[in-house]
Amino acid sequence: MYDCIIIGCGPSGMTCALYLKRAGKSVLIIERSMPGGQMVLTHNIQNYPGIEQIDGATLSNKMFEQITNMGVDVVFEDVISCSLTGKVKVVNTDKNSYQGKTVYIATGASSRLLGIEGEKKFTSKGVSYCATCDGALYKDCVVAVVGGGNTSLEDCLYLANIAKKVYLIHRRDEFRGDKILVDRLKQFEKSGKLELILNSQVVAISGDEKVRSINILNKLNNKISSIEVDALFVAIGREPDTDVFDGVKLNSSKYIEVDEKKHTNIEGVFAGGDVSDTNLRQIVTACSDGAIASTSITSYLSKL
Ligand code: NAP
């Protein structure tokens, strides 16, 4: 029986584990894929205090090394169901069943899909949700990025150093991403290597064994045009991974409702980071949530 089972090995889960371990608690982290969560997909982090510039994979590895050196148990398994309402919390994975006195849910969020013709067919055949992972495959090629948030803007800047040409397609004429990135992008546009296609929506993806072109609807004149591309990078936000947490209260967008101390509606169950109902989703806020949750978990355990 663990003092705490943490589901998700991103910055929030790892910070919570670090603090709990320092408080002398036994901790298990269950992770579906690889440590780091969305952080791994970020190629250049410039807003983590104290570190001017670092790539996401390196920061993830540093955090992971720190917690495993401290003796946090980590298993790479897929959580398929949970029983959370009793005093003993049970977390079932595809391989095992674990028991804990508390659970911290830090599962983050998965890439949102466009839901258009050709998207599923060409996933991994030119359609990608991770420029950092797949960008290098498109050296000197023509690629498009869709989205208007920080991820899409950073992806464009990253891909512009690899590809021959980058199109950025956004459904509005204003960006959701930070001004500093928009300014950098507009500066880069002057080189001719980057082209902004605004007020437009990608409506279909075509190709043969791989992506060859995309159809774009101009929302101002309702005309559809086609451009030839070798890849489409989809960066239109993320959706929370909350399907397996029966009984945990979610908001209308399926994010977990938490109070300021990261309690959910179920005693002994806490949540934080991107999966929770918060208005800022950054590495520092994910870490902060993990630290706050750890003190709430320690206080809950001391009352058991
Ligand atoms: P996001 O901020 O939610 O932006 C998603 C973008 O995709 C928006 O511009 C949205 O358009 C567009 N979009 C959504 N659904 C669409 C659809 N069906 N078709 C076409 N476009 C669609 O997502 P994100 O960029 O992944 O960022 C997620 C969070 O991580 C944010 O809080 C962001 O600040 C943070 N982040 C931070 C950094 C950093 O600080 N270095 C880096 C990456 C991400 P509208 O604008 O019209 O809604």
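Residues numbered from 1 in each chain as written. Predicted model: local features only at pLDDT ≥ 70, side-chain atom pairs only at ≥ 80, totals over all residues. Heavy atoms only, no water.

> Give a description of the domain arrangement of the protein chain that names residues and reports values.
Interfaces are frequently sized by the accessible area removed from exposure as the parts join. Considered domain by domain, the protein chain is made up of domain 1 (2–111 + 238–303) and domain 2 (127–234). Spacing between the C-alpha centres of domain 1 and domain 2 amounts to 32 Å. Of the residues lining the interface, 8 residues belong to domain 1; the matching set on domain 2 comes to 9 residues. Between domain 1 and domain 2, a total of about 650 Å² is buried, with carbon and sulfur atoms accounting for 50% of that surface. At the surface where domain 1 touches domain 2, the tally comes to 0 salt bridges. For the interface between domain 1 and domain 2, the tally reads 1 residue pair in polar contact (both at pLDDT 80 or more). (Domains from an automatic or database assignment. Contact = heavy atoms within 4.5 Å. Buried area = accessible area lost by both parts, 1.4 Å probe. Salt bridge = Lys/Arg side-chain N within 4 Å of Asp/Glu carboxyl O. Polar contact = N/O pair within 3.5 Å; in protein donor to acceptor, adjacent residues only side chain to side chain.)

> Talk me through the site of the ligand; I want residue IDs and the actual numbers.
Of all residues adjacent to the ligand, which total 19 residues, the nearest are Asn47, Asn150, Thr151, Arg172 and Arg176. Within the side chain of Asn47, one N or O atom sits 2.8 Å away from an oxygen atom of the ligand. One of the side-chain N or O atoms of Gln201 is found 3.0 Å from a nitrogen atom in the ligand. Considered on its own, the ligand offers 910 Å² of accessible surface; in the complex 81% of this is hidden by protein. Sort the elements by how many residues they give to the shell around the ligand and helix α4 (residues 150–159) lands first, with 3 residues. No fewer than three residues from each of domain 1 (2–111 + 238–303) and domain 2 (127–234) sit in the shell around the ligand. (Near = heavy atom within 4 Å. Areas by Shrake-Rupley, 256 points an atom, 1.4 Å probe, with all protein chains shown as cover. Helix = DSSP H or I, 4+ residues; strand = E, 2+ residues; numbered from the N terminus.)

> Summarise the pairing of strand β1 (residues 2–7); cite the residues concerned and give the values.
Of all the 6 residues making up β1, 5 are buried; the element is thus mostly covered by neighbouring parts of the structure. In terms of strand pairing, β1 meets strand β2 (residues 27–31) through 4 bridges, oriented parallel. Bridge pairing in β2 places Ile6 opposite Ile29. Each parallel crossover has a hand, and for β1 linked through helix α1 (residues 11–22) to β2 it is right-handed. (Buried < 20%, exposed > 50% of the residue type's maximum accessible area, 1.4 Å probe, protein only. Pairing = 2+ DSSP bridges. Right-handed = clockwise from strand over helix to strand, strands pointing away.)

> So, the sheet that holds strand β11 (residues 194–197): which residues are in play, and what are the values?
Pairing is parallel in the open sheet, where 5 strands are placed in the order β8-β15-β9-β10-β11. Sheet topology places β8 (127–128) and β11 at the edges, where each strand pairs with a single neighbour. In terms of strand pairing, strand β10 (residues 165–169) meets β11 through 4 bridges, oriented parallel. Paired with Leu168 across the bridge in β11 is Leu196. Against the sheet, helix α5 (residues 179–189) contacts β10 and β11, and its axis sits at roughly 115° relative to β11. (Axes fitted to C-alpha atoms, helices over the stretch in contact; angles between N-to-C directions.)

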